[in-house]
Amino acid sequence: PLRKWMEDGELSPDFFITLSSTTEADGKLSQWERYTVELDEDGKTKGTPRFLHVAVNRIFTSGKSVVVLKKLRRYDAMRVTWSTEEPALTFESVCGGDITGLMPFEELFDEAFSKWVTAKHHTTSAMLRQCLFEECGLSTSLDALEKIYFFSDGATSTVLADSMFARLNKTKNAWNDSFTLTELLRETIGVADAVVSENLRVSTTPSIVDVDAARRTVKSLASIQIVYRLPWAVSLIIRPSTLSTYRRIFTLLLQIRRSSSALTTSRLLETHEPPGYYLIRTKLLWFTATLYNYLTSMVLVPNIKAMRKEMKEADDVDKMLKSHNEFVRRLHDQLLLGKRLELIHKTVLQVLDLAVALEDAREGDTDPESVVK
């Protein structure tokens, strides 16, 4: 049964690994998550001898790797490596190295069995990791996600953001029309390297306020959600459920850009503004620039580098998946998106709204002094 699972990805009757019947919130279960290890009441692998317990994770991961490699049509290439690299697991090979004959058979067998499992695990995991990075476009997909959601391509992201703000400022109808914004997205970020334009689209939620009210708050930008379709193999690592955090990060960065744009787009003319206006405008410019620099340079960049390094050094897909999940969790906490930081997040949005209100007052009929106060 072990050989059948680790070499062919096939389950034998009464095996300790089974097909899972659970589903994710999005209604889909990845090929990597279709299998589960049955555990007893003590948390041990159910119905298995003790010597298997320390190798369960490697056994489990190896079989799942074979299943995925079959779907990627790399199974035959993997089988060729086994014919030359598999350690022998016979009585003679297990006990022949004990010259004195005093070592317990249990220790000799555990060592030999560990080498056999490790050889299978290393071969399949290394091949799948290489296939994901070099053939399935994992690195390219990570580049694309950074350009789409983290504005890492300054030129295209600036054009996209400015065009969105122009629509919000001038359009009388549906400023967040999904079809128009999808076309705009594909014409800007969609032309950047690593991004597949056809996989991009914008999903919007109906606005509960009119366009004039939407102009006055950065919160209205949360109605814009960018969706990027990843290749099937890449979604083994970057689960669709984690992309919700990517989208929230995009929204926060866009909101900061909206506030900064309101403060810098219009020219300062010779007007009779109250002295407090220029003081608070300078402070708001400092706030938006410092906040944006912190989120990008001190949170996103180092975490991205750490995550990519961990993925390159990971032994198998499970560790790659864990590395990306931890990366998303860290961003969720450090970018003020967690429940415990909700009050701070709301306060930041109020300050960003103040920048929009200040410029609206200067250009409109409202007395800027009232906004300053």
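Quick note: structure is the one above.
These lines cover the structure that appears in this document, whether it is placed above or below. (Residues numbered from 1 in each chain as written. Predicted model: local features only at pLDDT ≥ 70, side-chain atom pairs only at ≥ 80, totals over all residues. Heavy atoms only, no water.)

The next point concerns the side chain of Asp-153. Mapped onto the elements, Asp-153 comes out in the loop between α6 (138-149) and α7 (154-170). Leaving out residues up to four positions away in the same chain, Asp-153 has contacts with Lys-147 and Ala-192. (Helix = DSSP H or I, 4+ residues; strand = E, 2+ residues; numbered from the N terminus. Contact = heavy atoms within 4.5 Å.)

The topology assignment puts Ser-220 in the loop between α9 (211-215) and β4 (224-228). Under the relative-accessibility criterion, Ser-220 is labelled buried at 11%. Non-local contacts of Ser-220, meaning those with residues more than four positions away in its chain, are made with Leu-168, Trp-175 and Ala-214. (Buried < 20%, exposed > 50% of the residue type's maximum accessible area, 1.4 Å probe, protein only.)

The next thing to look at is the nonpolar core. The biggest cluster of nonpolar side chains holds 79 residues, and the ones touching the most others in it are Leu-132, Leu-138, Tyr-149, Phe-150, Met-164, Tyr-228 and Ile-238. Here this core gets nine residues from one element, more than from any other, and that element is helix α10 (residues 243-264). One finds Phe-15, Phe-16, Ala-55 and Val-67 within the second-largest nonpolar core, a separate group that totals 21 residues. (Core = buried A, V, L, I, M, F, W, Y, C linked by side-chain atoms within 4.5 Å.)

On the secondary structure map, Thr-245 appears in helix α10. Here the alpha-carbon distance between Thr-245 and Tyr-149, two residues 96 residues apart in the chain, equals 9.6 Å. Thr-245 has contacts with Val-328, His-332 and Leu-337, leaving out every residue within four places of it along the chain.

Further remarks concern α6. Compared with the 16 Å implied by 1.5 Å per residue over 12 residues, the 16 Å span of α6 between its first and last C-alpha is a close match. Burial analysis of α6 places 10 of its 12 residues in the buried class, which makes it a mostly covered element. For α6, the set of buried residues is Leu-138, Ser-139, Ser-141, Leu-142, Ala-144, Leu-145, Glu-146, Lys-147, Ile-148 and Tyr-149. (Expected span 1.5 Å × (residues − 1).)

This paragraph deals with the pattern of salt bridges. Evaluation of the coordinates by the stated rule reveals 16 salt bridges. Of the charged contacts in the structure, one is a salt bridge between Lys-70 and Glu-10, with a shortest N-O distance of 3.8 Å. Linking Lys-70 in helix α2 (residues 56-71) with Glu-10 in the loop between α1 (2-8) and β1 (17-19), this pair joins segments that are 60 residues apart in sequence. (Salt bridge = Lys/Arg side-chain N within 4 Å of Asp/Glu carboxyl O.)

So far we have only geometry, and geometry alone does not tell us how the molecule works.
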